[in-house]
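As a plain string of letters, each chain reads:
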Amino acid sequence: MKKGELRKQELQDKMAKHILENGLQAGSLRNLAQAAGTSDRMLLHYYQDKEELMKEVLTQISDNLITILEQARTVSIPFNQLVPHLYKLIKNPVVKPYIQLWLELIARASKKEEPYLSIAKQIGDSFIHYCSELIQADDKEKEKLAPLTFIIIEGLAMLDAIDFESNIEKALNALSDFKK
């Protein structure tokens, strides 16, 4: 890797850490430059504009989460066991900041804001693919159950964000009746 590419990666790592710790609201160009230990003008030397910068930083954060999930991977398990397994993962203190950022990203994406919308779609596709690999089922069932798993985990993440534990427990208990 060239010196310029190494410097860009170093800056991007610092900005990703800053966004993960402080959220998207702390993602002004000035805040990101300060977190990276450089100037906003220097950031624009490495990135075409703020949109490109945010896209690359958020993609890196997403890739980091996928790596964490891959490390926690288990053997293929039935759908009714996979959802509680994934819920435990999103409660993990290492994963929790990613989930909080995800909820903030979704709020921006729901307004059709770029680059948040395209990044949210990319992350969603990655998570559905990840779920598909974990579900113990034939390919036809996986095609249906992976998006359903994603939707359920999203709902659980939202309920968890507002401390709705009693309803989360009811939902997880209802999964035990599901036979696939």
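Residue numbering note: each chain is counted from 1, following its sequence as written. The predicted origin of the model limits local features to residues at a pLDDT of at least 70 and limits the giving and counting of side-chain atom pairs to 80 or more, whereas totals for whole chains, interfaces and linings rest on all residues. Excluding hydrogens and water, the side-chain values take into account all heavy atoms of the structure.

Caption draft 1: How the structure looks around the environment of Asn-80. Residue placement: Asn-80 occurs in helix 5 (residues 79-91). Between buried and exposed lies partly exposed: a residue is buried under 20% and exposed over 50% of the maximum accessible area for its type, with that area taken using a 1.4 Å probe on protein chains only. The exposure class assigned to Asn-80 is buried, which follows from its relative accessible area of 18%. Note: C-alpha distance between Asn-80 and Ile-135 (55 residues apart in sequence) is 9.4 Å. Helix and strand definitions follow DSSP, with helices as H or I runs of at least four residues and strands as E runs of at least two, each counted in order from the N terminus.

Caption draft 2: Geometry of unusual backbone geometry. A cis amide bond links Glu-114 to the next residue, Pro-115, at an omega of 10 degrees. Position of Pro-115 relative to the elements: it lies in the loop between helix 6 (96-109) and helix 7 (116-134). Backbone geometry at Lys-112 places phi at a positive 65 degrees, although glycine is not the residue there. Tracing the backbone shows Lys-112 in the loop between helix 6 and helix 7. One non-glycine residue, Asp-163, lies in positive phi territory at about 55 degrees. Considering the arrangement of structural elements, one finds Asp-163 in the loop between helix 8 (139-161) and helix 9 (165-175). A relative accessible area of 64% means that Asp-163 is categorised as exposed.

Caption draft 3: Structural detail: the packing of aromatic side chains. Aromatic pairs are defined between Phe, Tyr and Trp rings, using the six-membered ring for Trp, whenever the two ring centres lie within 6.5 Å; interplanar angles under 30 degrees are classed as stacked, those over 60 as edge-to-face, and all others as tilted. Tallying each qualifying case throughout the model produces 3 aromatic pairs. Between the aromatic rings of Phe-127 and Tyr-130, the centroid separation amounts to 6.0 Å while the plane-to-plane angle is 35 degrees, which identifies the pairing as tilted. One end of the pair is Phe-127 and the other is Tyr-130, both in helix 7 and 3 residues apart, which spans about a single turn. You'll find Phe-127 and Tyr-130 in the same group, each marked buried. An aromatic cluster of three or more residues is present, and its members are Trp-102, Phe-127, Tyr-130 and Phe-150. Any Lys NZ or Arg CZ found within 6 Å of a ring centre and within 35 degrees of that ring's normal is scored as a charge over the ring. Seen from the ring of Tyr-116, Arg-108 lies directly overhead, with NZ or CZ sitting 5.1 Å from the centre.

Caption draft 4: Quick peek at the pattern of salt bridges. Here a salt bridge means any side-chain nitrogen of Lys or Arg lying within 4 Å of a carboxyl oxygen belonging to Asp or Glu. In the structure shown here, the tally under the stated rule is 8 salt bridges. Taking the shortest distance from any N to any O, the salt bridge between Lys-17 and Glu-21 comes out at 3.4 Å. You can see Lys-17 and its partner Glu-21 sitting in helix 1 (residues 3-22), 4 residues apart, about one turn around the helix. Exposure remark for Glu-21: the relative accessible area of 55% places this residue in the exposed category. Between Lys-144 and Glu-141 there is a salt bridge; the shortest N-O distance is 3.4 Å. Here the residue Lys-144 and the residue Glu-141 both occupy positions in helix 8, the gap between them amounting to 3 residues, near one helical turn. Exposure remark for Glu-141: the relative accessible area of 16% places this residue in the buried category. A network of salt bridges, in which partner residues are shared, links Lys-91, Lys-96, Asp-160 and Glu-165.

It is worth stressing that arrangement in space is one thing and function is another; only the former is reported here.
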